[in-house]
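Coordinate inspection notes
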Amino acid sequence: MASTSDNSVQNRLVTVCEKLQIPNNTMQITLVRLDQLRNEPDVNEDRLDNTAAAALALSAREDGLPVRDEDIASAWSDAVDAPDADINITTQQLEAVSDYFDIAEVPPHPNTLVQRFGESVDMPEELVTVAHRLLQDAFALDPTVVSGGPAPAATAGGVLSLAALVNGLDDNYEQSTLGKVSGTSEVSVRNRCQDLQDLLDDRLGNDRYRVVPASQAPDQPGDESQTDAAAETSATAADGAGSGESATASSSSSDSAGSSSSSDSSTTTADGEAVLETVQSVYPDELPTTTKVAETHDTSETAAEGALKALADDGAVQRKRAGSVDVWIPAGADETGAALTVDAVETEIDALVEELDIGSSTRLLARGMVSDAVEGADVEDAAELAATTVVAAARMSGGDADIVEVAGLRSFEPRVIAQWLDTLDGTVDADIPRRDPEDIVEDVAEELGLSEAVLSESRRSLERFDGDVEEFTAAELGAGAVLFAATIGQSQVDVDRLAAVAGAETEYVTSAMHSIVVSLCMALVRGDIEYEDCAWTTELLQSELTPTLGDSETGRAIAIAKAYTAGREGQYVDDQTLDVLRGD
């Protein structure tokens, strides 16, 4: 892509998003994808606008936005402002663009999902119409609420649940049933229903949300949308419930939706032979997780896990861990290497996004990095890479995910994410915002309300530090510099809070401070730093402060600096002598 064309197309993307109220996150992921097209030699530069419009349509679908393809194409044509502009978005274009971006299949339009799930639970057309209207009105009121769910399928389930609720029919269409037919969960549907209910609030008392015959209902989503929905439903009968959710769970749950409301699925016993057949049939195209097996057989996860454990005991399946999720692989089947790893990481991403209540745009960005990361790096723990891509995606979307919080949801330290971010930066073709130690110093000093003197000394200690930068993360080194400056300035700082604000573990912050002390002491003795230019010599070397600065290596460095400053300033010590004195 030529830069001039690229810039003009990006400008039109911004214009279209503003006109159609498409949220910034959706626009950002589209911009990232357009940037990837620079590496596609077969992209026709003369049709960049058509490709970009289709890319935006895909992103809007993935975020669950009820924006019609026709509206995007029309707005794009207006933005081109040329008499011969003919922007259109066809199924073939969507499929081609999906291939460019390694999207397995074109995600269904949100209107299609609402229609499909409503039909799956035998919801009358009039009530489905109310659900369409609720979704459209929620989008008009605040598009970010609509795009902020874990998946479009969850939003579709939530809007159907809300339609039933405002009409007093929520007992007829339970959220557990809608969770199954949408391939999500009861919790996801409940949360989305609540989000939309909170957004629409007093408006829900309006008669426009009451069930009336479809022929009398005003403000339908549009004949074209309904036609599109019907066409998509027939053309994609095998489609899953939505991007990132289980297609198998959706289709099989739909078959059993009618009976699920009249029987308690938790009492259903999973049949061992049937479960084994499911595991063998879905692998390796999909990961046979406990949840997937439970949803496929309309039973509880406890019952499904019991049947799977029995099969594992018999040697029929192998139990593997995909991050924090159990995966059951048929005995004798080859683990599919990178493909299995990608699925494992993506499964873990979905779980983390739901736990952190992060929007679907972030989930999609995170998933988009996985293939390149798996190809370019050795992945031993799916949860570690998943957590890192979620943090990276949050930053790329203009937000932030607390590294300590994310790591706390799994069994590894925050520094693992920081180290993985370095790896990800070199393996993924994306600009991941990073914070260097100086940024950490600024943020921590502001958050803790530290003095200008502490801030200045923190900056100066980082400038003079010549130790092994690779030994510490940016958060650890920045926080270590602040801890050093606060210590020699005798400012009271809670080390645990300091570490938490920086996004690091206390022990590594303390270790970074010790490394800074050693580096500064050795620089002083070597003559790299002039004694008169040190604001910290008196405070650092006084006997009552020294014992608080920790380990034996630090103590030896301070002792050497003390001896040096005892009337022998200017008699610098060479590195070889220092090595002997330090016991190296």
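For clarity, every value in this text was computed on a predicted model and none was experimentally measured.

**Things to note about a negative patch on the surface**
- A cluster of acidic side chains, namely Glu95, Asp99, Asp102, Asp372, Glu375 and Asp429, defines a negative patch on the protein surface.
- Of all the secondary structure elements, the ones that give two or more residues to the negative patch are helix H5 (91-100) and helix H19 (360-376).
- Residue position: Glu375 is located in helix H19.

**A few points about unusual backbone geometry**
- Although it is not a glycine, Gln21 sits at a positive phi angle of roughly 60 degrees.
- Within the secondary structure layout, Gln21 lies in the loop between helix H1 (3-20) and helix H2 (24-36).
- Not every positive phi belongs to a glycine, and Asp201 is a case in point at roughly 50 degrees.
- We classify Asp201 as partly exposed; its relative accessible area is 46%.

**A few points about the packing of aromatic side chains**
- In the structure shown here, the tally under the stated rule is 0 aromatic pairs.
- If you follow Arg415 out to its NZ or CZ, it ends over the ring of Tyr508, 3.9 Å from the centre.

**A look at the packing of helix H6 (residues 110-120) against helix H7 (residues 125-141)**
- Two elements in contact, H6 and H7, have axes whose closest approach is 10 Å; the angle formed by their N-to-C orientations is 150 degrees. Compared by their axis directions, H6 and H7 come out roughly antiparallel. Once H6 is placed against H7, the crossing between them reads as right-handed. In contact with Pro110, Asn111, Val114, Gln115 and Gly118 of H6, H7 contributes Glu125, Val128, Ala131, His132 and Leu135.
- Here the residues of the contact of H6 with H7 are counted per class, giving 5 nonpolar, 4 polar and 1 charged.

About the cut-offs
Residues numbered from 1 in each chain as written. Predicted model: local features only at pLDDT ≥ 70, side-chain atom pairs only at ≥ 80, totals over all residues. Heavy atoms only, no water. Patch = residues over 30% accessible without salt bridge, like charges linked within 9 Å, V, L, I, M, F, W, Y side chains within 5 Å. Areas by Shrake-Rupley, 256 points an atom, 1.4 Å probe, with all protein chains shown as cover. Salt bridge = Lys/Arg side-chain N within 4 Å of Asp/Glu carboxyl O. Lys, Arg positive; Asp, Glu negative; His and termini not counted. Charge placed at Lys NZ, Arg CZ, Asp CG, Glu CD. Helix = DSSP H or I, 4+ residues; strand = E, 2+ residues; numbered from the N terminus. Buried < 20%, exposed > 50% of the residue type's maximum accessible area, 1.4 Å probe, protein only. Phe/Tyr/Trp six-rings, centres within 6.5 Å; stacked < 30°, edge-to-face > 60°. Lys NZ or Arg CZ within 6 Å of the ring centre and 35° of its normal. Axes fitted to C-alpha atoms, helices over the stretch in contact; angles between N-to-C directions. Parallel < 35°, antiparallel > 145°, perpendicular 65-115°, else oblique. Left-handed = near helix turned anticlockwise from the far one by under 90°. Contact = heavy atoms within 4.5 Å. Nonpolar A, V, L, I, M, F, W, Y, C, P; charged D, E, K, R; others polar.

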